[in-house]
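Structure at a glance
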Amino acid sequence: MIAAHLPAIQIVAPLLAAALCVLVPWKRVSWGIAMAGAVTAFAAAVGLLSRVLGGEDIRYALGGWAAPWGIEYRVDAVNGLVLLIVAGIGVVVTLFALTSVEREVDERRIPLFYGAWMLCLCGLLGIAITGDAFNIFVFLEISSLGTYALIAMGSDRRALVSAFRYLIMGSIGASFIVIGIGLLYVETGTLNLADLAERLPALYGERTVLVAFAFLTVGTSLKLALFPLHVWLPDAYAFAPSAVTGLIAATSTKVAVYVLLRFFFTVFGVTYSFDELSLGMWLLPLALVAIFTMSLVAIFQRNIKRMLAYSSVAQIGYIILGISFASVTGLTAATLHLFNHALMKGALFLALGCVMYRVGSVHIDALRGLGRRMPWTMAAFTAGGLSLIGVPLTVGFVSKWYLVLGALEQGMWPVAALVLVTSTLAVVYIWRVVEAVYFGEPSARADSVSEAPLRLLVPTWALIAANLYFGIDASLTTNVAGQAARALLGGAP
């Protein structure tokens, strides 16, 4: 009986937890409620993905109203993997937040913090599971409202400015998305994604459909921080509380990429998007410019959170590059990098959260000599950095391997070479931190620093262990990503 309602539980658990967190005045109790909601959502995500991999087609009609009249939740290999990413990261980072948030957030606001935290998680999961276009917009707004509040709770006063800037840019992106959805509804009379996919081919010649496609592309690109629409991201990552940065860096942009995939390949179809509109010709140069320029910008950052933020824009470029190929291998690489980048950036930002807890700063000068004072934390950061570079036996290597294969399949040797060259740029900015940590002269502040608490190290190293495990044995992730790629391409071999 419970298994039949897992799609609803996926959303109801964090939504209910969000309400309870706000009502409870005790910070530890509110954290416990948030943790229970995150664990329940993760269990539901695991159950749904296992059923999908077993060949089951999951459709869930809310309120008993059948699609397209009612709202439908649908789960396949594509969003099953996204649900697993979001819910899994949610559990790990919520565990990390117990100790981190008490240091970085005003004690009186902690119950409200966890309410916004679960609201954000609920919205992200809802975007991934819904089969209704307007519901995507609704859940997008839910997750965004939670994120704005979470960023604004940062201890640095610049967090308020960052949250406001994100609110403005996010509102513009959401407006573009809802206009695109409205135009599709005017033209087709339906909001169900599967129904839209059936009705749109007869309307490909209509100007309204083209305008809707343009609005959805721009709006979603802004949400996922595709270059040059990424200006909100560096400050949002840099000044948010450490746990918040870990959550949104590992999940938010990944869900936005999923929305882009769903509209490009499922709703509009690969023929219209990539053959008639030649979308790949637009995405490819944007991705390459993002990868190269943002990696260069990252090299010159002194604030390590900002460095990793610019790195994230470059990594999004890798994902978009895979999408631009519109092939099974390219989409496999893109889907793999959704999962792998969540593990990499989640681990790196949690390691910085450990530093923030002990040192109170993530400026590169504050990290000098910490390799001896915080060996486990710095080892975690180094391991995560190696994965970001793409060293063999890490998840970063698996993603880039498939990306290079996808480029070579298209005969794009220069693109494959650029992927390898930009990996050396990642070596430069990661090495700057490693050099300061292990070879830099310790600051006066570093002499009194001790290792981070176990409650912070355990979730950090859990993500590092996942980076290594899925880098050594990538059979599960590549299988799921391959299934997702073929599903997006309509069952292509």
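Here, every reference points to the structure presented above.
As a starting point, this report considers the structure included with it. The shown structure was predicted, so the numbers you read here are calculated from the model rather than taken from an experiment.

1. A closer look at a nonpolar patch on the surface
On the surface, a nonpolar cluster with roughly 520 Å² of combined accessible area is contributed by Phe-397, Trp-401, Leu-405, Leu-408 and Trp-413. In terms of residue count, helix α17 (residues 395-409) provides more of the nonpolar patch than any other element does, four residues in total. Relative to the assigned elements, Leu-405 resides in helix α17.

2. Let's talk about the packing of aromatic side chains
By the definition in use, this model includes 18 aromatic pairs. Between Tyr-204 and Tyr-272, the ring centres sit 4.4 Å apart and the planes meet at 15°, which makes this aromatic pair stacked. Within this pair, whereas Tyr-204 is found in the loop between α7 (193-199) and α8 (207-223), its partner Tyr-272 is found in helix α11 (residues 270-276), the two being separated by 68 residues in sequence. Each of the two residues, Tyr-204 as well as Tyr-272, counts as buried. Taking the centre distance of 5.9 Å and the plane angle of 45° together, the rings of Trp-431 and Phe-439 count as tilted.

3. Focus: the pairing of strand β1 (residues 58-61)
Burial of the side chains of β1 is restricted to one face: Ile-58 and Tyr-60 are buried, whereas none of Arg-59 and Ala-61 on the reverse face is. Pairing of β1 with strand β2 (residues 72-75), which is carried by four bridges, proceeds in the antiparallel orientation. By the bridge assignment, Ala-61 is partnered in β2 with Glu-72.

4. Regarding the side chain of Arg-432
With respect to the secondary-structure elements, Arg-432 resides in helix α18 (residues 413-439). At 6.8 Å, Glu-435 is the nearest oppositely charged side chain to Arg-432, a buried residue that forms no salt bridge. The contacts of Arg-432, once residues within four sequence positions are left out, are Ala-298, Ile-299, Gln-301, Arg-302 and Ile-364.

5. A look at the environment of Gly-189
Note that Gly-189 resides in the loop between α6 (158-188) and α7. Setting aside residues no more than four positions away along its own chain, Gly-189 makes contact with Leu-184 and Arg-199.

6. Focus on the packing of helix α14 (residues 328-359) against helix α16 (residues 375-389)
With their axes 9 Å apart at the nearest point, α14 and α16 run at an angle of 155° to one another. Between α14 and α16, the angle is such that the two are roughly antiparallel. The interaxial crossing formed by α14 with α16 has left-handed handedness. On α16, the residues that touch Met-344, Lys-345, Leu-348, Ala-351, Leu-352, Cys-354 and Val-355 of α14 are Thr-377, Met-378, Phe-381, Gly-384, Gly-385, Ser-387 and Leu-388. Residue classes in the contact of α14 with α16 are distributed as nine nonpolar, four polar and one charged.

7. Let's talk about the environment of Val-105
Relative to the elements of secondary structure, Val-105 occurs in the loop between α3 (77-104) and α4 (110-129). Note: C-alpha distance between Val-105 and Ser-155 (50 residues apart in sequence) is 6.4 Å. The contacts of Val-105, once residues within four sequence positions are left out, are Ile-110, Phe-113, Met-153 and Pro-241.

8. Overview of the environment of Trp-431
You can see Trp-431 is positioned in helix α18. In this structure the C-alpha to C-alpha distance between Trp-431 and Thr-382, which are 49 residues apart in sequence, comes to 8.9 Å.

9. Describing the pattern of salt bridges
Using the criterion set out here, one finds seven salt bridges in the structure. Linking Asp-195 and Arg-199 is a salt bridge whose minimum nitrogen-to-oxygen distance equals 3.0 Å. Of the two residues, Asp-195 and Arg-199 are both situated in helix α7; the distance of four residues between them amounts to about one turn of the helix. Overall, the relative accessible area of 12% leaves Asp-195 in the buried class. By relative accessible area, which is 34% here, Arg-199 ends up partly exposed. Residue Asp-365 is joined to Arg-368 by a salt bridge in which the shortest nitrogen-to-oxygen separation is 3.3 Å. What you see here is one network of salt bridges that share partners, running through Arg-165, Asp-235 and Arg-306.

Conventions used here
- Residues numbered from 1 in each chain as written.
- Predicted model: local features only at pLDDT ≥ 70, side-chain atom pairs only at ≥ 80, totals over all residues.
- Heavy atoms only, no water.
- Patch = residues over 30% accessible without salt bridge, like charges linked within 9 Å, V, L, I, M, F, W, Y side chains within 5 Å.
- Areas by Shrake-Rupley, 256 points an atom, 1.4 Å probe, with all protein chains shown as cover.
- Salt bridge = Lys/Arg side-chain N within 4 Å of Asp/Glu carboxyl O.
- Helix = DSSP H or I, 4+ residues; strand = E, 2+ residues; numbered from the N terminus.
- Phe/Tyr/Trp six-rings, centres within 6.5 Å; stacked < 30°, edge-to-face > 60°.
- Buried < 20%, exposed > 50% of the residue type's maximum accessible area, 1.4 Å probe, protein only.
- Pairing = 2+ DSSP bridges.
- Lys, Arg positive; Asp, Glu negative; His and termini not counted.
- Contact = heavy atoms within 4.5 Å.
- Axes fitted to C-alpha atoms, helices over the stretch in contact; angles between N-to-C directions.
- Parallel < 35°, antiparallel > 145°, perpendicular 65-115°, else oblique.
- Left-handed = near helix turned anticlockwise from the far one by under 90°.
- Nonpolar A, V, L, I, M, F, W, Y, C, P; charged D, E, K, R; others polar.

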